[in-house]
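Survey of secondary and tertiary structure
As a plain string of letters, each chain reads:
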Amino acid sequence: KIYKYLGKLIPDKTEIDKKSNEIKNENNRFIAVMRHGERIDNTDFSPKQELPEFDPELTYEGIKQAINIGIQLRNYFIKENYDINAINIFNSPSTRCLQTGLISAGAVDYSDKIEKVIKIITDLNETSVKYVKKRSDNVINNINDFSKKNFNKGNNTLNIVSSHQLNISMIVGYLIKELNKDMKNKGGKEIQMEKQTFGYNHCFLFKYDENDNFKFVGLFT
């Protein structure tokens, strides 16, 4: 039912949807790393109660959060003249992450004209701090390898990564650290990240351009 009514929740046209006649930006691979939206057990149960042993879904607010992020990404691509030709969705097996990834991708392309590939990665599931560093490294390598194999010159691809707070903080931290190494070597200003920015459905957008240069685009909330 979520997907049936998704199109009705998103406006058919916005002001930013008016495309310009400028030359399109091509040959870019985007990575959107996002935490899942609001989960139902965090709102239906008090802190003193034991969390239920089940796989909680998104609340209605969580669904709206995922749609909102997809619309923001869509508007960014239109404004900056990027035609997205394919969307790769990398998901934790958890229901709330699957919902977040799929709904966000649907909001980026609610006409369903863009080819979408869904890839479940068990290393994106919740885990302890002890194992998350190694698993986040595996995830980054997995995404890079997959995005390169499924990337055609002359096209732009979007890679959506939907996971949990700890995994997202580690993945984003790793990517920012790599970018800051490059910034330091070039004498540029390092990127500063705050821990509190890893809220529900916060999305960090990165980009590889046609020369494989890596860049942090920005935070969408």
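Residues numbered from 1 in each chain as written. Predicted model: local features only at pLDDT ≥ 70, side-chain atom pairs only at ≥ 80, totals over all residues. Heavy atoms only, no water.

1. What about the packing of aromatic side chains?
Scanning the model with the defined rule gives 10 aromatic pairs in all. Judged by centre distance (6.4 Å) and plane angle (85 degrees), the rings of Phe 30 and Tyr 76 are edge-to-face. Taken together, the residues span a long stretch of sequence, with Phe 30 in strand β1 (residues 28-35) and Tyr 76 in helix α3 (residues 60-79) at a distance of 46 residues. For the pair formed by Phe 30 and Tyr 76, the shared burial category is buried. A connected cluster of aromatic rings, assembled from ring pairs, spans Phe 30, Tyr 76, Phe 77, Tyr 82 and Phe 220. Sitting over the face of the ring of Tyr 208, Arg 29 holds its NZ or CZ atom 4.5 Å from the ring centroid. (Phe/Tyr/Trp six-rings, centres within 6.5 Å; stacked < 30°, edge-to-face > 60°. Helix = DSSP H or I, 4+ residues; strand = E, 2+ residues; numbered from the N terminus. Buried < 20%, exposed > 50% of the residue type's maximum accessible area, 1.4 Å probe, protein only. Lys NZ or Arg CZ within 6 Å of the ring centre and 35° of its normal.)

2. Describing the sheet that holds strand β2 (residues 84-91)
Sheets are built from strands paired through backbone hydrogen bonds, the pairs being either parallel or antiparallel. The 6 strands are arranged β3-β2-β4-β1-β5-β6 in an open sheet whose pairing can be described as mixed. Only two strands of the sheet have a single neighbouring strand rather than two, namely β3 (115-120) and β6 (214-220). Here the average twist between neighbouring strands, direction ignored, is 20 degrees. In this sheet, β6 lies alongside strand β5 (residues 203-208) in antiparallel orientation, the contact comprising 6 bridges. (Pairing = 2+ DSSP bridges. Axes fitted to C-alpha atoms, helices over the stretch in contact; angles between N-to-C directions.)

3. A look at the pattern of salt bridges
Once the charged atoms of two side chains with opposite charge are near each other, the side chains can pair. Applying the stated criterion across every chain yields a total of 3 salt bridges. Notably, a salt bridge pairs Glu 61 with Lys 64, separated by 3.5 Å at the nearest N-O pair. With Glu 61 and Lys 64 both in helix α3 and 3 residues apart, this pair spans about one turn of that helix. Taking the relative accessible area as the measure of exposure, Glu 61 reaches 35% and is therefore partly exposed. Judged by relative accessible area, which is 39%, Lys 64 ranks as partly exposed. With a shortest N-O distance of 2.8 Å, Lys 116 and Asp 109 are connected by a salt bridge. A relative accessible area of 5% places Asp 109 in the buried class. (Salt bridge = Lys/Arg side-chain N within 4 Å of Asp/Glu carboxyl O.)

4. Concerning the nonpolar core
Side chains that are nonpolar tend, in soluble globular proteins, to be buried together. Core analysis: the biggest nonpolar cluster contains 22 residues, and Val 33, Val 172 and Phe 206 have the highest contact counts within it. Every element with two or more residues in this core is listed here: β1, α5 (129-149), α6 (165-186) and β5. Among the elements that take part in this core, α6 stands out by supplying 6 residues, more than any other. Once you skip the residues sitting within four places of it in the chain, Phe 206 turns out to touch Arg 29, Phe 30, Ile 31, Val 33, Val 172, Leu 175, Ile 176, Leu 179, Phe 214, Lys 215, Phe 216 and Val 217. Counting 19 residues, the second-largest nonpolar core is a separate cluster that includes Leu 73, Ile 89, Ala 105 and Ile 114. (Core = buried A, V, L, I, M, F, W, Y, C linked by side-chain atoms within 4.5 Å. Contact = heavy atoms within 4.5 Å.)

Nothing here speaks to function; it is all geometry.
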